[in-house]
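One-letter residues, chain by chain:
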Amino acid sequence: MHRIKNFQITYEGITKSFLLAVVRKYSRHSLYGSVSSVYSKNRCFYQFNAFFVLPEGNLCRMKAGHLQQYAPPLTIYNEPVNLFVADFMGNPPMNFIKGKIVSAKKKSFDINFAGLDATFEVNGEVILPQETVDKTAEDGTVSKETKEVTDLTGREVVVGIRPEYLSIDEQGIPTTVYSTLPAGMETTVKLRLNDDVITGVVFGSVDYAVNTPLNINFNGNKIILFDKNTTNRIAFGSLKIK
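Keep in mind that this is a model prediction, so the values were computed, not measured. (Residues numbered from 1 in each chain as written. Predicted model: local features only at pLDDT ≥ 70, side-chain atom pairs only at ≥ 80, totals over all residues. Heavy atoms only, no water.)

A.B. asks: Help me understand the overall build of the protein chain in this model?
C.D. replies: A tally of helices and strands in the protein chain yields 3 helices and 16 strands. Taking all 242 residues of the protein chain together, 34% fall into the buried category. Across the protein chain, every contact between residues at least 6 apart in sequence was considered, and the portion connecting residues at least 24 apart equals 52%. By element, 53% of the accessible surface of the protein chain is carried by carbon and sulfur atoms, the whole surface being about 14,900 Å². (Helix = DSSP H or I, 4+ residues; strand = E, 2+ residues; numbered from the N terminus. Buried < 20%, exposed > 50% of the residue type's maximum accessible area, 1.4 Å probe, protein only. Contact = heavy atoms within 4.5 Å. Areas by Shrake-Rupley, 256 points an atom, 1.4 Å probe, with all protein chains shown as cover.)

So this is what it looks like as structure tokens:
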């Protein structure tokens, strides 16, 4: 009875998510067809602390009334400024895996995440986290001061990996299948990576039994390192597992 109840909850959740995705898909196309000839490219549609996605023009992502990012859709998808924006864009959503910087160099970080030791090779600039600290003046008054964190060694981070950056590789990292969702052209695969469950996308309609061993790799140089404390992006880069 307990198993049936859990199945019903899971089934309802999947159904609601599927229906919501369908409604969003057709609503966007309908909206775009209706207003694209009327509004300029930079028009921003805002509703319920989120945004509508139009094929042309910029998007704005809001949180509690504060603008988080304003950019074209693909820029927001590929270059989110923080975890909040990254989590909103993409279906399946980005994988977020907690980790820590073991040692920091100018263009690379040795990190530990999901029980793995890896080198994060930076692609582009490093944006140092900024934190607000108390500053005490000579007369004893305390004020707030924003400072850059220059030494990232020991810093807690979140590794952001899009599902399409995961690939199945016989010589890769051992995982086991948690679930699969074939959808015709592609299949969403959820995998257990030590204590984490991550999502990948496989081209074609395939199905794996639960607990099937699969080895994977992380590809590309657009994997994102976020600061856990500020939630802001630190850098783009690639992962090399040790």
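A.B. asks: Would you take a moment to explain the pairing of strand 14 (residues 213-218) for this structure?
C.D. replies: Side-chain positions along a regular strand alternate between the two faces of the sheet. What you see with strand 14 is a clean split: L214, I216 and F218 sit on the buried side and P213, N215 and N217 on the side with no burial. Where strand 11 (residues 166-182) and strand 14 come together, 7 bridges link them in antiparallel fashion. Looking at strand 14, one finds that S167 is bridged to N217. (Pairing = 2+ DSSP bridges.)

A.B. asks: I keep staring at the packing of aromatic side chains and nothing clicks. Help me out?
C.D. replies: In this description, a pair of aromatic rings is defined by centroid distance and the angle of the planes. The tally for this structure, following the rule as stated, stands at 3 aromatic pairs. Look at F113 and F218: their rings are 6.0 Å apart centre to centre, the planes differ by 50°, and that puts the pair in the tilted class. Taken together, the residues span a long stretch of sequence, with F113 in strand 6 (residues 108-113) and F218 in strand 14 at a distance of 105 residues. In this pair, the class of F113 matches that of F218, namely buried. Over the ring of Y77 we find R162, and its NZ or CZ is 3.9 Å from the ring centre. Its end group placed over the ring of F236, K222 keeps NZ or CZ at 4.3 Å from the ring centre. (Phe/Tyr/Trp six-rings, centres within 6.5 Å; stacked < 30°, edge-to-face > 60°. Lys NZ or Arg CZ within 6 Å of the ring centre and 35° of its normal.)

A.B. asks: Quick question: what am I supposed to make of unusual backbone geometry here?
C.D. replies: If a residue is not glycine, its phi is most likely negative; likewise, a peptide bond is most likely trans. The omega angle of the peptide bond from N91 to P92 is 0°, so this bond is cis rather than trans. Take P92: it is sitting in the loop between helix 3 (83-88) and strand 5 (95-104). In this model, A114 sits at a positive phi of 50°, which is unusual for a non-glycine residue. Mapped onto the secondary structure, A114 falls in the loop between strand 6 and strand 7 (116-122). If you check the backbone angles, N211 has positive phi at about 75° while not being a glycine.

A.B. asks: So what exactly am I meant to see when it comes to the pattern of salt bridges here?
C.D. replies: Where charged atoms from two side chains of opposite charge come close, those side chains can pair. Across all of its chains, the model carries 7 salt bridges by this definition. Put simply, E79 and K222 hold a salt bridge, and the shortest N to O gap is 3.5 Å. You can see E79 sitting in the loop between helix 2 (73-78) and helix 3 and its partner K222 sitting in the loop between strand 14 and strand 15 (223-227), a full 143 residues away along the chain. For K228, the salt bridge goes to E156, with nearest N and O atoms at 3.4 Å. Here K228, found in the loop between strand 15 and strand 16 (233-241), pairs with E156, found in strand 10 (residues 156-161); they are 72 residues apart in sequence, far enough to count as distant. Salt bridges sharing partners connect three or more residues here, namely E131, R155 and D227. (Salt bridge = Lys/Arg side-chain N within 4 Å of Asp/Glu carboxyl O.)

A.B. asks: Where do I start with the nonpolar core in this structure?
C.D. replies: Here is a general trend for soluble globular proteins: nonpolar side chains tend to be buried in one another's company. Core analysis: the biggest nonpolar cluster contains 32 residues, and I111, F113, F218 and L239 have the highest contact counts within it. If one sorts the elements of this core by residue count, strand 7 sits on top with 4 residues. Beyond its immediate stretch of four places on either side in the chain, F113 contacts I97, K98, G99, A118, V159, F218, L239 and I241. (Core = buried A, V, L, I, M, F, W, Y, C linked by side-chain atoms within 4.5 Å.)

A.B. asks: Explain the sheet that holds strand 11 here, please?
C.D. replies: Pairing between sheet strands relies on hydrogen bonds along the backbone, with the strands arranged either parallel or antiparallel. One open sheet holds the 4 strands; their spatial order is 13-12-11-14, and the pairing between them is antiparallel. On the outer flanks of this sheet lie strand 13 (196-203) and strand 14, each paired with one strand and no other. Taken pair by pair, the neighbouring strands of this sheet meet at an average axis angle of 55°, ignoring direction. (Axes fitted to C-alpha atoms, helices over the stretch in contact; angles between N-to-C directions.)

A.B. asks: Would you explain the confidence of the model for the protein chain in this entry?
C.D. replies: Reading fine detail from the predicted coordinates is not recommended where pLDDT is low. Chain-level statistics for the protein chain give a pLDDT mean of 81 and a share of 76% at 70 or above. Low pLDDT (under 50) marks residues 1-20, which in the prediction has 0 contacts with non-local residues, meaning those over four places away or in another chain. Note on residues 30-49: pLDDT is under 50 here. Beyond four places in sequence and across chains, it has 27 contacts. (pLDDT = per-residue confidence, 0-100.)

A.B. asks: Honestly, the sheet that holds strand 16 in this entry has me stumped. Any pointers?
C.D. replies: Ordered in space as 5-6-7-16-15-10, the 6 strands form a closed barrel in which the pairing is antiparallel. Recorded for the sheet is a direction-independent mean angle of 45° between the axes of neighbouring strands. In this sheet, strand 10 lies alongside strand 5 in antiparallel orientation, the contact comprising 6 bridges. Along strand 10, the bridge assignment pairs K98 with V158.

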